[in-house]
Amino acid sequence: MKAIICTKYGSPDVLQIQEVAKPAPKDDEVLIRVFAASVNSRDWRFMRANPFFIRLTVGGLLKPKNPILGVDAAGRVETVGSNVRQFRPGHEVFGYLSRYGGRTFAEYVCAGENEIALKPVHLTFEQAAAVPLAAITALQGLRDKGNIRPGQKVLIQGASGGVGTFAVQIAKALGAEVTGVCSTRNLEMVRSLGADHVIDYTKEDFTRNGHRYDLILAVNGYHPISDYLRALSPEGIYVVVGGSMIQLIQAGSQGRRISKTGNQKTYILSLVKNQKDLVFIKELLESGKVKPIIDKYYPLNEASEALRYFEKVHPKGKVVITMKENHKTQGEK
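1. Overview of empty space enclosed by the protein
Rolled over the atoms, a probe as big as a water molecule pinpoints where empty space is left.
Part 1 of the reasoning: A full pass over the atoms with the stated rule returns one cavity of 30 Å³ or more.
Part 2 of the reasoning: When its volume is computed, the largest cavity comes out at roughly 40 Å³.
Part 3 of the reasoning: Lining the largest cavity, in full, are Tyr 96, Asn 114, Glu 115, Ile 136, Lys 273, Asn 274, Gln 275 and Leu 278.
Part 4 of the reasoning: The class makeup of the residues in the lining of the largest cavity is three nonpolar, three polar and two charged.

2. Some words on the packing of aromatic side chains
The geometry of an aromatic ring pair is captured by two quantities: the separation of the ring centres and the angle between the planes.
Part 1 of the reasoning: Counting across every chain of the model gives four aromatic pairs.
Part 2 of the reasoning: Between the aromatic rings of Phe 206 and Tyr 228, the centroid separation amounts to 6.1 Å while the plane-to-plane angle is 50°, which identifies the pairing as tilted. Placement of the pair is Phe 206 in the loop between strand 10 (197-200) and strand 11 (213-219) and Tyr 228 in helix 7 (residues 225-230), with a sequence separation of 22 residues. Both residues of the pair, Phe 206 and Tyr 228, count as buried.
Part 3 of the reasoning: Where Tyr 298 meets Tyr 309, the ring centres are 6.3 Å apart and the plane angle is 50°; that geometry is what we call tilted. Separated by 11 residues along the polypeptide, Tyr 298 in strand 14 (residues 294-299) and Tyr 309 in helix 10 (residues 303-312) bring together distant segments of the chain.
Part 4 of the reasoning: Accessibility expressed as a relative area gives 8% for Tyr 298, which makes it buried.

3. With respect to the environment of Leu 61
Part 1 of the reasoning: Note on placement: Leu 61 falls in the loop between helix 2 (53-59) and strand 4 (72-80).
Part 2 of the reasoning: For Leu 61, a relative accessible area of 49% puts it in the partly exposed group.
Part 3 of the reasoning: Between the C-alpha atoms of Leu 61 and Ala 49, which are 12 residues apart in sequence, the distance is 9.2 Å.

4. Some words on the sheet that holds strand 11
Part 1 of the reasoning: One open sheet accounts for six strands, arranged 10-9-8-11-12-13; its pairing is parallel. Two strands lie at the open edges of the sheet, namely strand 10 and strand 13 (265-268), each paired on one side alone. Recorded for the sheet is a direction-independent mean angle of 15° between the axes of neighbouring strands.
Part 2 of the reasoning: As paired elements, strand 8 (residues 153-157) and strand 11 share four bridges and run parallel to each other. By the bridge assignment for strand 11, Gln 157 is matched with Ala 218.
Part 3 of the reasoning: Helix 4 (residues 132-145) contacts strand 8, strand 11, strand 12 (232-241) and strand 13 of the sheet and is inclined by roughly 150° relative to strand 12.

5. What about the pairing of strand 11?
Part 1 of the reasoning: In terms of burial, strand 11 is largely enclosed, as six of its seven residues are buried.
Part 2 of the reasoning: Handedness of the crossover joining strand 11 and strand 12 through helix 7: right-handed.

6. Observations concerning the pattern of salt bridges
Part 1 of the reasoning: Counted according to the given criterion, the structure contains 17 salt bridges.
Part 2 of the reasoning: The partner of Asp 205 in a salt bridge is Arg 208, and the shortest N-O contact between them spans 3.6 Å.
Part 3 of the reasoning: Among the ionic pairs, Lys 282 bridges to Glu 286, the shortest N-O distance being 2.8 Å. Of this pair, Lys 282 and Glu 286 both sit in helix 9 (residues 275-287), four residues apart, which is roughly one turn of that helix.
Part 4 of the reasoning: Accessibility expressed as a relative area gives 40% for Glu 286, which makes it partly exposed.
Part 5 of the reasoning: Beyond isolated ion pairs, a larger network of salt bridges with shared partners links Asp 205, Arg 208, Asp 227 and Arg 230.

Reading the values: rules and limits
- Residues numbered from 1 in each chain as written.
- Predicted model: local features only at pLDDT ≥ 70, side-chain atom pairs only at ≥ 80, totals over all residues.
- Heavy atoms only, no water.
- 1 Å grid on protein atoms, 1.4 Å probe; cavity = no way out; pocket = protein on both sides within 12 Å on 5 of 7 lines; lining within 4 Å.
- Points joined across faces, edges and corners; volume = space filled by probe spheres on them.
- Nonpolar A, V, L, I, M, F, W, Y, C, P; charged D, E, K, R; others polar.
- Phe/Tyr/Trp six-rings, centres within 6.5 Å; stacked < 30°, edge-to-face > 60°.
- Helix = DSSP H or I, 4+ residues; strand = E, 2+ residues; numbered from the N terminus.
- Buried < 20%, exposed > 50% of the residue type's maximum accessible area, 1.4 Å probe, protein only.
- Pairing = 2+ DSSP bridges.
- Axes fitted to C-alpha atoms, helices over the stretch in contact; angles between N-to-C directions.
- Contact = heavy atoms within 4.5 Å.
- Right-handed = clockwise from strand over helix to strand, strands pointing away.
- Salt bridge = Lys/Arg side-chain N within 4 Å of Asp/Glu carboxyl O.

This is the structure we're talking about:
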């Protein structure tokens with residue numbers, strides 16, 4: 001089968017398309033023919049070993065332990081292991097596959113049956129592949145860490161990105177009054193997702209405008225923690241989703257100290273993979289309350305260009321890699 005191989009750390013130029021052995025499922029796994037995958041910040045961080053500690057934990061010191069990137073996928077079940085009960089050959093599925101580091105930038109991938117769910121019927125494979133990691137991240141940040149409640153004032157920083165576009169829609173579906181923060185070019189798009197208010201961060205600093213929020217979800221935030229706390233209500237919650245090491249250190253150290261002495265709380269999201277959340281997202285998709293936003297499509301043999309675009313541009317929603325040989329790069333309005 002064809003797969004995108006990252007044999008060393010570096011820029012997207014290190015990625016190569018190669019023929020590799022087709023995987024075989026274990027007793028508790030399914031083999032999926034991948035029709036589409038999507039790019040996440042996790043992929044370029046692993047590609048570049050940024051931050052460096054990736055090499056010391058899951059990445060490999062001198063070169064990637066797992067040379068095939070990608071964790072999001074949508075496709076069709078080809079075969080199933082003897083212990084699999086939920087799926088059978090022919091089922092169309094999607095999921096966040098992190099069991100062996102993902103490996104979804106390939107024509108076939110194995111997955112544990114609890115990593116996937118049936119694909120929403122009305123979604124294309126490309127649309128379904130854009131969903132899992134970003135949507136589950138948004139859901140767990142809002143619900144599990146943010147303790148979101150109907151009627152609350154919720155602010156989403158980074159509202160036009162992969163996680164942010166889902167966070168705006170999920171927060172609205174859960175009954176919140178949503179403010180989205182994004183750049184000028186994305187204001188209308190974020191509004192179209194249901195945001196009650198939008199703030200152009202190039203013209204206005206939401207941490208200094210006097211408004212306060214019950215919950216702030218900062219996706220790759222860049223303000224000092226004191227700014228976020230100033231924008232929180234007295235009992236508000238600030239949730240960190242990614243960001244620089246400085247952001248994470250501040251939230252982890254200062255946040256805990258502040259939480260012990262006051263009513264405001266600060267949390268760093270650590271994703272917990274579970275099938276129930278994927279099924280919950282599937283139900284939101286099928287109800288029409290949530291939809292994936294796709295900026296660009298790239299064929300598998302142009303995966304390096306997909307990662308390059310992801311790095312250089314702040315995509316509107318997701319960047320998708322498709323296995324369709326004749327699928328041209330294009331934007332989805």
